[in-house]
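Here is how the chains run, residue by residue.
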Amino acid sequence: MKKKYLIPITVLAFALAITVLSGYSQEDVRFVQDSAFGKKMRPPVYFAHDEHNEKAGIEDCHYCHHSYENGEKTEDESSDKECSECHMADGKGNKASLARVYHLCCKGCHEQAKAGPVMCAECHNKTKAGVFAK
Ligand code: HEC
Ligand code: HEC
Ligand code: HEC
Ligand code: HEC
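Residues numbered from 1 in each chain as written. Chains lettered and ligands numbered in written order. Predicted model: local features only at pLDDT ≥ 70, side-chain atom pairs only at ≥ 80, totals over all residues. Heavy atoms only, no water.

Trainee: Tell me about the site of ligand 2, and name the residues and values.
Mentor: Close to ligand 2 lie Cys 64, His 66, Tyr 68, Ser 78, Lys 81, Glu 82, Cys 83, Cys 86, His 87, Val 101, Leu 104 and Cys 105. In the model, a nitrogen atom of ligand 2 is placed 2.7 Å from a nitrogen or oxygen of the His 66 side chain. The side chain of His 87 places a nitrogen or oxygen atom 2.7 Å from a nitrogen atom of ligand 2. Counting residues per element, the ones that place at least two in the shell around ligand 2 are α3 (84-87) and α4 (95-113). Broken down by element, the residue count for the shell around ligand 2 peaks at three residues, all from α4. (Near = heavy atom within 4 Å. Polar contact = N/O pair within 3.5 Å; in protein donor to acceptor, adjacent residues only side chain to side chain. Helix = DSSP H or I, 4+ residues; strand = E, 2+ residues; numbered from the N terminus.)

Structure (structure tokens):
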């Protein structure tokens, strides 16, 4: 291969890699899909991550992606982890408790803020999530 093609090809490969990788960023999250739930009873939960957080005015990532040390919440965020990495691991492996923390987090704030959905089908909504087969 001629040398002069090498640079454009490398640049192209990088651009492609970045596009592919950013496909996994929070910008594209349209629904919550924690891998710890096996067979689900409810449709996926609609959650347009960035849009939601902007509208709701939540600036701190660690509001949801939190970390604790000695029982105290810290300033560190944990967005590199799924909620279930901590919330299932704590003992009984009880799926209900993971659903419970999601409900406490999402519904809890909506109830307090008197804004955002609190009805099952407003969150568990495959049409909104853009997922038609499941
Ligand atoms: C209102 C709660 C909330 C806030 C605030 C929030 N996130 Fe998230 N984030 C979530 C949930 C829920 C998921 C999906 C978890 C899952 O499906 O396992 C998620 C997923 C992610 C993911 C993983 C994306 C993927 O494809 O799996 C990243 C990265 C992320 N968030 C980063 C951030 C950053 C950075 C901020 C702050 C700018 C932030 N989040 C603020 C709730 C939140
Ligand atoms: C790095 C570990 C870790 C991650 C990741 C994590 N948490 Fe937590 N979370 C904790 C710890 C520790 C506590 C405090 C002890 C407890 O209540 O289980 C806690 C507490 C909570 C509580 C309060 C529980 C109660 O009974 O009042 C909620 C709600 C919650 N987490 C939701 C979430 C959600 C939603 C996610 C994902 C966006 C998440 N957590 C990710 C460790 C984590
Ligand atoms: C700290 C508070 C807070 C938390 C935590 C939170 N929300 Fe919300 N949410 C809001 C507020 C405020 C609104 C109303 C925003 C508006 O439209 O003005 C809202 C609106 C929504 C809406 C309707 C608006 C839209 O984006 O279409 C959905 C769906 C939603 N939330 C889902 C969730 C889910 C799922 C979670 C948990 C992963 C969650 N929310 C966590 C505050 C919160
Ligand atoms: C504010 C949004 C919200 C509302 C309202 C809500 N949920 Fe959820 N629920 C969630 C989130 C987020 C999860 C985690 C989903 C995932 O990771 O796939 C969840 C998980 C679950 C799960 C475990 C996963 C599954 O599908 O088996 C069940 C069961 C469930 N919810 C039932 C309900 C029922 C019943 C209601 C109404 C009483 C309800 N939820 C209302 C957000 C919500």
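Trainee: Explain the pattern of salt bridges to me, using residue names and the numbers behind them.
Mentor: Within this structure, the stated rule accounts for one salt bridge. Between Glu 51 and Arg 30 there is a salt bridge, with the nearest N and O atoms lying 3.6 Å from each other. Here Arg 30 lies in the loop between α1 (6-22) and β1 (31-32) and Glu 51 lies in helix α2 (residues 49-56), a separation of 21 residues in the sequence. (Salt bridge = Lys/Arg side-chain N within 4 Å of Asp/Glu carboxyl O.)

Trainee: Got a sec to walk through the packing of aromatic side chains? Specific residues and values, please.
Mentor: Counted by the stated rule, this structure contains one aromatic pair. Judged by centre distance (6.3 Å) and plane angle (40°), the ring pair of Phe 37 and Tyr 102 falls under tilted. With Phe 37 in the loop between β1 and β2 (45-46) and Tyr 102 in helix α4, the pair connects residues that are 65 residues apart, well separated along the chain. Relative accessible area serves as the criterion here: at 16%, Tyr 102 is assigned to the buried category. The residue whose ring lies beneath Lys 73 is Tyr 63, and the NZ or CZ to ring-centre distance is 5.3 Å. (Phe/Tyr/Trp six-rings, centres within 6.5 Å; stacked < 30°, edge-to-face > 60°. Buried < 20%, exposed > 50% of the residue type's maximum accessible area, 1.4 Å probe, protein only. Lys NZ or Arg CZ within 6 Å of the ring centre and 35° of its normal.)

Trainee: Lay out the coordination of the iron atom of ligand 4 in plain terms, naming residues and giving numbers.
Mentor: Geometry reference: four tetrahedral donors at a metal, ideal angle 109.5 degrees. Six octahedral donors, ideal angles 90 or 180 degrees. Note on the iron atom of ligand 4: its protein donors are His 103 (NE2) and His 124 (NE2). The metal-donor distances range over 2.0 Å. Geometry at the iron atom of ligand 4 is octahedral, judged from its six donor atoms and the angles of 86 to 180° they form at the metal. Note that His 103 is positioned in helix α4 and His 124 in the loop between α5 (120-123) and α6 (126-129), a separation of 21 residues in sequence. (Donors = N, O, S within 2.8 Å, 3.2 Å for Na, K, Ca; no water. Tetrahedral: all angles 85-135°; square planar, octahedral: opposite > 155°, others 65-115°.)

Trainee: Talk me through unusual backbone geometry; I want residue IDs and the actual numbers.
Mentor: Residue Asn 70 is not a glycine yet carries a positive backbone phi of 50°. By the element assignment, Asn 70 lies in the loop between β3 (68-69) and β4 (72-73). Under the relative-accessibility criterion, Asn 70 is labelled exposed at 75%.

Trainee: Let's hear about a negative patch on the surface: which residues, and what values?
Mentor: Where like charges cluster on the molecular surface, the negative patch consists of Glu 59, Asp 60, Glu 69, Glu 75, Asp 76, Glu 77, Asp 80, Glu 82 and Glu 85. Within the secondary structure, Glu 59 sits in the loop between α2 and β3. By relative accessible area, Glu 59 is classed as exposed at 75%. (Patch = residues over 30% accessible without salt bridge, like charges linked within 9 Å, V, L, I, M, F, W, Y side chains within 5 Å. Areas by Shrake-Rupley, 256 points an atom, 1.4 Å probe, with all protein chains shown as cover. Lys, Arg positive; Asp, Glu negative; His and termini not counted. Charge placed at Lys NZ, Arg CZ, Asp CG, Glu CD.)

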